[in-house]
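Here is what each chain is made of, one letter per residue.
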Amino acid sequence: MAAALLGARLVHERLGVPPRIGRIVEVEAYGGPDDRASHARAGATARTAVMFGPAGVAYVYLVYGMYHCLNVVCGPAGEAGAILIRAVEPVEGIEAMRDARSTRLAGRHRRGSGPSVGGRRRRDVPDQMLASGPGRLCDAFEVDVSFTGADLCARSSPLRLEPSPPGDRTPNPVWTPRVGISYAGEPWTSLPWRLIDQGSSSISTAVHHPRQLR
DNA sequence: GCAAGGATATCG
DNA sequence: GATATCCTTGCA
């Protein structure tokens with residue numbers, strides 16, 4: 001399932017905003033209650049109930065009280081499972097992504113920090129960094145918890161998945177351990193359930209910053 | 001160039 | 001009390 005998503009398109013079409021399209025370059029697989037790294041490890045809660053439902057719908061949650069993360073529910077209804085979409089490479093609607101990110105950042109830092117937040121120009125962020133991480137991706141695509149339960153596989157959905165177009169660059173899939181789950185213990189921390197497209201420059205920064213070893 | 005610290009909803 | 005994160009600041 002994760003392998004099928006690599007290279008596929010994430011599309012958000014919304015009234016008044018140019019369509020935003022990203023090529024999926026990084027995903028992580030999460031299982032059911034057995035998987036100590038999965039949100040489903042405690043069974044179905046108000047937040048995670050959708051993980052136990054039918055496949056192909058969105059599960060969006062908030063991490064650290066601040067960032068959204070987009071998952072695709074997988075497996076048969078009754079069995080929990082999801083694929084976290086960690087990064088996409090912007091393909092279309094790049095300015096809309098940039099705008100969405102600036103807006104969210106401005107709102108987020110309005111509180112608490114001083115008036116000199118605008119010192120660094122957000123226009124300087126390179127295209128390939130706009131959605132190179134699960135939190136960044138949701139900022140750029142304006143995905144929040146209200147999308148939980150939405151069907152990602154219907155052509156008519158504003159937020160949806162589409163197959164990679166013919167002639168698209170072939171992904172170079174590489175499996176690695178998942179990120180930021182040291183609390184789960186072995187064997188879960190070492191299982192290579194994270195899949196990246198090795199050729200992409202939009203992989204999340206977690207790769208390059210071993211700080212994530214936690 | 002880093003490392004450190006902060007923001008803060010949801011769960012155990 | 002910890003977290004499936006990211007950004008800014010402060011110091012080398």
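S.K.: Lay out the pairing of strand 4 (residues 67-73) with the relevant residues and their values.
M.R.: By the criterion of burial, strand 4 is predominantly enclosed, with six of the seven residues buried. Bridge count for strand 4 against strand 5 (residues 82-92) is three bridges, and the pairing is antiparallel. Opposite Asn-71, over in strand 5, you have Leu-84 as the bridge partner.

S.K.: Give me the protein's contact with DNA strand C: which residues, what numbers.
M.R.: Near DNA strand C lie 24 residues; those nearest to it are Tyr-61, Asn-71, Arg-136, Gly-180 and Tyr-183. If you look at DNA strand C and keep only atoms within 4 Å of the protein, 62% of those are sugar or phosphate atoms. Interatomic distance of 3.5 Å between a backbone N/O atom of Gly-133 and a phosphate oxygen of DNA strand C. Backbone polar atom of Gly-135 to a phosphate oxygen of DNA strand C: 2.9 Å apart, as the coordinates give it. Looking at the surface near DNA strand C, the elements that each hand over two or more residues are strand 3 (58-63), strand 4, strand 5, helix 2 (94-110) and helix 3 (134-141). Its residues placed into classes, the surface near DNA strand C shows 12 nonpolar, six polar and six charged.

S.K.: So what about the side chain of Glu-26? Which residues, and what values?
M.R.: Within the element layout of this structure, Glu-26 appears in strand 2 (residues 17-30). For Glu-26, a relative accessible area of 0% gives the class buried. A polar side-chain atom of Glu-26 sits 2.8 Å from a polar atom in the side chain of Arg-194. Of the polar contacts made by the side chain of Glu-26, one reaches the backbone nitrogen of Ser-204; its length is 2.6 Å. Those residues within four positions of Glu-26 in sequence are excluded, and the remaining contacts are Leu-6, Leu-84, Ile-85, Arg-86, Ala-87, Arg-194, Leu-195, Ile-196, Ile-203 and Ser-204.

S.K.: If you had to explain the packing of aromatic side chains to someone new, which residues and values would you point to?
M.R.: Overall, the coordinates contain two aromatic pairs when judged by the stated rule. Look at Trp-188 and Trp-193: their rings are 6.3 Å apart centre to centre, the planes differ by 65°, and that puts the pair in the edge-to-face class. For Trp-193, a relative accessible area of 29% gives the class partly exposed.

S.K.: So what's going on with the pattern of salt bridges? Residues and values would help.
M.R.: Throughout the structure, instances matching the rule amount to 18 salt bridges. The shortest N-O distance in the salt bridge between Arg-9 and Asp-168 comes to 3.0 Å. Of this pair, Arg-9 sits in strand 1 (residues 9-14) while Asp-168 sits in the loop between strand 6 (159-162) and strand 7 (173-176), and the two are 159 residues apart along the sequence. Judged by relative accessible area, Asp-168 falls into the partly exposed class, the value being 24%. As a salt-bridge pair, Arg-86 and Glu-28 come within 3.8 Å of each other at their nearest N and O atoms. One end of the pair, Arg-86, is in strand 5; the other, Glu-28, is in strand 2, and 58 residues separate them in sequence. You'll find Arg-86 and Glu-28 in the same group, each marked buried. Each of Arg-9, Arg-23, Glu-89, Asp-168, Arg-169 and Asp-197 takes part in one network of salt bridges that share partners.

S.K.: Give a description of a nonpolar patch on the surface that names residues and reports values.
M.R.: Where nonpolar side chains cluster on the molecular surface, the patch consists of Tyr-64, Met-66 and Tyr-67 and spans about 340 Å² of accessible area. Looking at the element boundaries, Met-66 is found in the loop between strand 3 and strand 4.

What counts as what
Residues numbered from 1 in each chain as written. Chains lettered and ligands numbered in written order. Predicted model: local features only at pLDDT ≥ 70, side-chain atom pairs only at ≥ 80, totals over all residues. Heavy atoms only, no water. Buried < 20%, exposed > 50% of the residue type's maximum accessible area, 1.4 Å probe, protein only. Helix = DSSP H or I, 4+ residues; strand = E, 2+ residues; numbered from the N terminus. Pairing = 2+ DSSP bridges. Near = heavy atom within 4 Å. Polar contact = N/O pair within 3.5 Å; in protein donor to acceptor, adjacent residues only side chain to side chain. Nonpolar A, V, L, I, M, F, W, Y, C, P; charged D, E, K, R; others polar. Contact = heavy atoms within 4.5 Å. Phe/Tyr/Trp six-rings, centres within 6.5 Å; stacked < 30°, edge-to-face > 60°. Salt bridge = Lys/Arg side-chain N within 4 Å of Asp/Glu carboxyl O. Patch = residues over 30% accessible without salt bridge, like charges linked within 9 Å, V, L, I, M, F, W, Y side chains within 5 Å. Areas by Shrake-Rupley, 256 points an atom, 1.4 Å probe, with all protein chains shown as cover.

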